[in-house]
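If you want the building blocks of each chain, they are given just below.
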Amino acid sequence: MRAAKARNRDLSAVRKRRSDKPRRAYHLRGRVTAGALLCLALAASGHAQTNPSGATTPVLAGAAETHRFAIAPQALTTALVEFSNATGIQFFFDAAIARGLTSPGASGNLSTDAALRTLLAGTGLTYRFTNPTTVTLEKQESTTGAMALPAVQVEGQGSTETATGPVQGYIARQSATATKTDTPLLETPQAVSVIGREQVEAQGAQTVAQATHYTPGVTAGQDPVENRFDSILIRGFGPVIYLDGMELPHGITGFGEPVVDPFGLERIEILRGPSSALYGQLPPGGMVNLVSLRPPADATHAVELQGNNFGNIQGAFDIGGPATQDGTLLYRLTGLVHGGGTQIDHVDDEREMIAPAFTWRPDADTSFTFLSQYQRDHSGVEIQFLPAQGTLLPNPNGTVPVGRFLGEPGYDGYRRTQYWVGYQFEHRFDDAWTVRQNFRYANLDTKVFAVIGGGLQSDLKTLNRFTYYVPEKAQNITLDNQAEAHFATGLLTHTALFGLDYRWDDGRTQRGIGAAPPLDIFNPVYGAAITPPAITFSTGQNQDQIGTYLQDQIALDRWRLTLSGRHDWLDTTTNDFIAGTRQGQDNRAFSGRAGLNYVFDLGLSPYVSFAHSFQPTIGTDFSGAPFQPTTADQYEAGVKYRPLGPNLAMNAAAYHLTEQNALTADGAHVGFQTQAGEIRVQGIELDATANLTDGLNLIAAYTYTDAQNTKGAASTIGKQVIDVPRHAASLWVDYTQPTGPWRGFGGGGGIRYFGDTYGDAANTLRIPDYTLVDATLHYDLGQLRPELAGAKLTLNASNLFDKRYVTNCTSLSACYYGTARTVTVALRYSW
């Protein structure tokens, strides 16, 4: 990170000196990040290269550096912007000499010099490197020593970004989540949000759910205090959690879920809308793809110590870099340990995590990356099943405190052990073909045992309680084979992806519910004898999925057409170990997506897309017939804007999403369900992220979601889907003073608004809207004393004014408070 910042400062200085020269010029910045810097030294032999006009140009050593290009035939100025984005090279030229010219484009893995020669072929222009990062374009006759022409500058921003690498600042420009290829977000015909590590640290997010608080289309701020899983809704549906493009195991009933600590992540990516075309069975709302930290090419070392107002202390470290002098072997080791209290009385939270990784690059075309993690959580149960009277509704006995514990100290607990090992292999055969294989084995073991609330007695202060025990285990194997091809057919350039993946899931779960002594919720006295409940539910499920998929990303001038299709074969076996029954389901499904973008020179990209998805549904109806998979169709239109100047990203999306075959209560048979339901979700999502000036970052988002049940039980038709607000908005601003005596000091804050929601399908249980305020202060201690360079002190406050609010209620006996004021102090040191 420090190296990247240093490079940015150097570039800023070069640009400032250049701007002091009088010339008729204007800036035209690239719309995505620039490439690596070229070496300054000339080749020792003084070798010269013939350029397109026949003149000779000294070749810098770095000109042989290879990049992947997919620049379609188009207007020359547009092609130069894309070249700048891919390489970091800045161009100077008179606007008049490029007016009306077209470029034949350049595609494949080419050296910087070869790609530039290809790009200018037939234009009558020549080029010369004026320093390692700039190139002057001139007509042929100007290369004999004539005065340089007034210039237009085309420049990129920052260092080269990849789909799995760091996000520079708050604005990501590349992602592979929606396409499985390294694709500019500007050319992706679907709504994608990327939350980088810098944003996570700035906002003090401790969980993945907290990191999404300022993301459009995502409902996470409404979740109750919960340490068992990251509860997130995307466009009204619960997503599946993926890690590095492959699904993590999860329990059959949802009580056993993996939780990935954001300290071990490079990115958190939210793909909104149906995504089965590349991934197979998925809910229609979208997916969360977490991107692991990978071994870096440059040495990185960081340690962190933090603590909060509930007495929870955490220590963490992140070290990595080259393990050999030639850089063929890279490593990374990330870990943390924390422990202490939570906002709930008598509930502690402890975690240990370690994540070793290494990358082996025997040559420039081959890489093998090993990724693994082990995590152990040992805590109490934070979520409390509180009555509506005293939380959401008035109670003559008073208001239930936010930190009230309903269980029994020494009995309640939650245990989770999760680990995985896997690899990502890639080999490039030539400029056209690259193959990859990604593999992972993951294991999850959870246990929850607690005494929970079950509704108030007539005195409105004595709470009925139950014992609850749910052990759940899950494991899976995922294997994804890919072949990527780059080629041209006439005027069209293609990035084709061929894939075959396999996933095996195995889950086991049990459940027991029993009686427990009641508790005075306003004057609790703990210490009652608790009898563990007997197991009354025991089931197992095994699933095999094979999928084959094909995608073609086609470029024609400024047009980008994305076509994706997939077919899945899915076999599911469910065993009821108590009843001794076995049920099998065999599903076959096709899913697809088509999207079209038009990328304007100024960085504006309107798009339209259609996507179809499916998700198997386990169970049978009253007649014993197995349920069919739920399916979904979405129409989406939007516009993405990366202006060619300020570091700004703006997105707008409007969509219409329908889920068919949704389960609904069978009115003719109590206790059974039927697939007569349908859910229609439509909405608008707006967001903007900006680095307005040096040190000033801003994130703004607004979401309108109209989620209704359109078929099913009469009492639910036309009603808003539970837990989904119609309106949500957020704003985050963070400023760091770049100069003067306060240099390195900064602060900011955010505001989050959530509209009304409902806790039941009939919309009789209304949850009021609420607004929360966050704040941050931070100081770069290196500005205080040189020997403290790399140290940063941060103070974050979530729910600054300690607002008491109810996030949702699933019934009158089960309401949940939101997060109380949490103040975290962190000291980070990196070198």
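One numbering rule holds for all chains: residues counted from 1, following each sequence as written. The predicted nature of this model means local features are confined to residues of pLDDT at least 70 and side-chain atom pairs, given and counted, to a pLDDT of 80 or more, with totals for whole chains, interfaces and linings taken over all residues. Note that the side-chain values use all heavy atoms of the structure and ignore hydrogens as well as water.

Asker: Residues and numbers for the overall build of the protein chain, please.
Answerer: Secondary structure assignment for the protein chain yields seven helices and 46 strands. Of the contacts made within the protein chain by residues no fewer than 6 positions apart, 67% connect residues no fewer than 24 positions apart. Here the Shrake-Rupley method, with its probe set to 1.4 Å, supplies the accessible areas, and only the displayed protein chains count as covering residues. Only carbon and sulfur atoms are counted for the fraction: they give 59% of the accessible area of the protein chain, which is about 33000 Å². Helix numbering and strand numbering both begin at the N terminus, where a helix is a DSSP run of H or I of at least 4 residues and a strand a DSSP run of E of at least 2. Pairs of residues are marked as contacts when any of their non-hydrogen atoms sit within 4.5 Å.

Asker: Explain the confidence of the model for the protein chain to me, and be specific about the residues and the numbers.
Answerer: With 86% of its residues at a pLDDT of 70 or more, the protein chain shows a mean pLDDT of 86. Overall, residues 1-62 carries pLDDT values under 50, and its contacts beyond four positions in sequence, including any with other chains, amount to 148 contacts. pLDDT: the predictor's confidence for each residue, scored from 0 to 100. Confidence drops under a pLDDT of 50 for residues 142-159, and excluding neighbours within four residues, the segment shows 68 contacts in the predicted structure.

Asker: Mind laying out the sheet that holds strand β18 (residues 246-247), listing which residues take part and the relevant values?
Answerer: Strand pairing follows a simple DSSP-based rule, namely that at least 2 bridges must link the two strands. Within the open sheet, the five strands sit side by side as β14-β19-β20-β17-β18. Their pairing is mixed. The sheet is open, and its two edges are formed by β14 (192-196) and β18, each paired on a single side. Of the strand pairs in this sheet, β14 and strand β19 (residues 265-272) are connected by five bridges, and their pairing is antiparallel. Considered in β19, the bridge of S193 is made with I270.

Asker: Explain helix α2 (residues 76-87) residue by residue, including any values.
Answerer: In this model, α2 (12 residues) spans 16 Å end to end at C-alpha, consistent with the 16 Å of a helix rising 1.5 Å per residue. For every residue, the accessible area obtained with a 1.4 Å probe (protein chains only) is divided by the maximum for its type, and the residue is called buried under 20%, exposed over 50%, and partly exposed between those limits. Taking burial as the measure, the 12 residues of α2 include 10 buried ones, the bulk of the element. Burial in α2 covers these residues: L76, T78, A79, L80, V81, E82, F83, S84, N85 and T87. Phi for G88, located one or two positions after α2, is positive at around 90°. Here, expected helix span is obtained from the residue count minus one, scaled by 1.5 Å.

Asker: Talk me through the nonpolar core; I want residue IDs and the actual numbers.
Answerer: Only buried residues count toward a nonpolar core, which is a set of Ala, Val, Leu, Ile, Met, Phe, Trp, Tyr and Cys residues joined through side-chain atoms within 4.5 Å. F83, F91, V135 and L137 are the most contacted members of the largest nonpolar core, which has 22 residues in total. Looking at this core, the elements that each hand over two or more residues are β4 (66-71), α2, β6 (90-93), α3 (95-98), β8 (106-111), α4 (112-120), β9 (125-131) and β10 (134-139). If you look at the next biggest cluster of nonpolar residues, it comprises 20 residues, including L243, L248, I270 and A442.

Asker: Summarise the environment of T771; cite the residues concerned and give the values.
Answerer: By the secondary structure assignment, T771 is in strand β42 (residues 770-780). Taking relative accessible area as the criterion, T771 reaches 33% and is therefore assigned partly exposed. Linking T771 and Y753, residues 18 residues apart in sequence, is a C-alpha distance of 4.4 Å. Once residues within four sequence positions are removed from consideration, T771 is found in contact with I751, R752, Y753 and K803.

Asker: Lay out the packing of α2 against α4 in plain terms, naming residues and giving numbers.
Answerer: Throughout, an axis means a line fitted to C-alpha atoms (over the contacting stretch in the case of helices), and angles, computed between N-to-C directions, take values from 0 to 180 degrees. Packing of α2 against α4 leaves a shortest axis separation of 11 Å and a crossing angle of 170°. Here α2 is positioned roughly antiparallel relative to α4, judged by the angle of their axes. Contacts between α2 and α4 involve L76, A79, L80, F83 and T87 from the first element and T112, A115, L116, L119 and L120 from the second. Under the convention adopted here, Pro, Cys and the residues Ala, Val, Leu, Ile, Met, Phe, Trp and Tyr are nonpolar, Asp, Glu, Lys and Arg are charged, and Gly plus all remaining residues are polar. Counted by class, the contact of α2 with α4 contains eight nonpolar, two polar and no charged residues. Oblique is the label for any angle not covered by the other classes, which are roughly parallel (under 35 degrees), roughly antiparallel (over 145) and roughly perpendicular (65 to 115).

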